[in-house]
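Single-letter residue listing:
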Amino acid sequence: MKIIEAEHYQDMSEKAARFIIEKVNGLSAPVLGLATGGTPLGTYKCLREDHLSHKTAYQHVYTVNLDEYVGLAPYDENSYTFYMKKHLFHHIGIPSSHTYLPNGMAADLTAECERYEALIERLGGVDLQLLGLGLNGHIGFNEPGTPFSSKTHVVELTESTRKANARYFDSLSSVPTKAVTMGISTIMKSKQILLLVSGANKAGILARLLSEEPHEGTPASVLNMHENVVIIADRDALSAVKERSMIF
Ligand code: F6R
């Protein structure tokens, strides 16, 4: 595990974007695993700006997102499909046929989970998986207690995650109660993982994940078992980490 300290959110975002652009330029058909939420917004902005100024090409890139709410149509402003189009896909010239998210409107969600898992395999697996970190240690929508062996599955969202995401909705009651998420074993199959963490409110959970033995109570602690993880975290997020020797 490599930990890179960034000065602040903007610096973290720039460093993350550079990391992603290297993958995009370095592989003939890279598969990027993408995340939503507040953390990667700055990174996506940097990718948009870079595409404008340096013409980085995305025609050869494939993307698979971590998760999608159940019951929100792709045109719903709160769906992750809408988020990805708005913040990234519509601006970088990636063919829409190369961008995949779980279908939260599927009539048969179990079949949808199997389809998504098979799709990732058909693409040859994820080359670089971008992750944010939930306040309770969730990754994707894998809440504490999710088996490390889990594949793409339907999850019942916890109250704390629904409350954290309510800022994007009119009210807490309009936040969906379920989502489809890549499972922990799906995420762990990625060849490389890039975890982004920003802000003092994430300092406690980041310190825990770095100091704990992997256990299912803190889903992100599983990353200690992956051999190719890079964490880019800003100074505030790293403020509770005692073991400074591992930080670059
Ligand atoms: C998003 C996702 C979530 C978020 C996490 C952190 O696709 O899977 O695990 O990464 O909830 O969210 P933010 O970045 O809003 O703090």
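Residues numbered from 1 in each chain as written. Predicted model: local features only at pLDDT ≥ 70, side-chain atom pairs only at ≥ 80, totals over all residues. Heavy atoms only, no water.

Going by the annotation in an unreviewed UniProt entry, the name recorded for the chain is Glucosamine-6-phosphate deaminase, with Bacillus sonorensis L12 given as the source organism. If you open the UniProt record of the chain and go to Pathway (unreviewed entry), you find "Amino-sugar metabolism; N-acetylneuraminate degradation; D-fructose 6-phosphate from N-acetylneuraminate: step 5/5." Its UniProt record gives the chain the following Catalytic activity (unreviewed entry) comment, quoted word for word: "alpha-D-glucosamine 6-phosphate + H2O = beta-D-fructose 6-phosphate + NH4(+)". (UniProt positions renumbered as here; feature names shortened; annotations may be inferred.)

> Hey, could you run me through the side chain of T218 in this one?
Turning to its location among the elements, T218 is positioned in the loop between α7 (203–211) and β10 (229–234). Using a relative accessible area of 1% as the deciding quantity, one classes T218 as buried. If sequence neighbours within four positions are ignored, T218 has contacts with G137, I205, R208 and E212. (Helix = DSSP H or I, 4+ residues; strand = E, 2+ residues; numbered from the N terminus. Buried < 20%, exposed > 50% of the residue type's maximum accessible area, 1.4 Å probe, protein only. Contact = heavy atoms within 4.5 Å.)

> Got a minute to help me understand helix α4 (residues 109–122) in this structure?
Between its terminal C-alpha atoms α4 stretches 20 Å, which fits the 20 Å expected from 14 residues at 1.5 Å a residue. Here α4 has its buried residues at L109, E112, C113, Y116, E117, L119 and I120. Looking straight down α4, one finds its buried side chains confined to an arc of 155°; they lie on one side. Facing away from the buried side of α4 by more than 90 degrees, the exposed set consists of T110, E114, E121 and R122. As for α4, its buried residues are in contact with β3 (62–65), β5 (99–100), β7 (153–156), β8 (178–181) and α6 (184–188). (Expected span 1.5 Å × (residues − 1). Arc of directions from axis to C-beta.)

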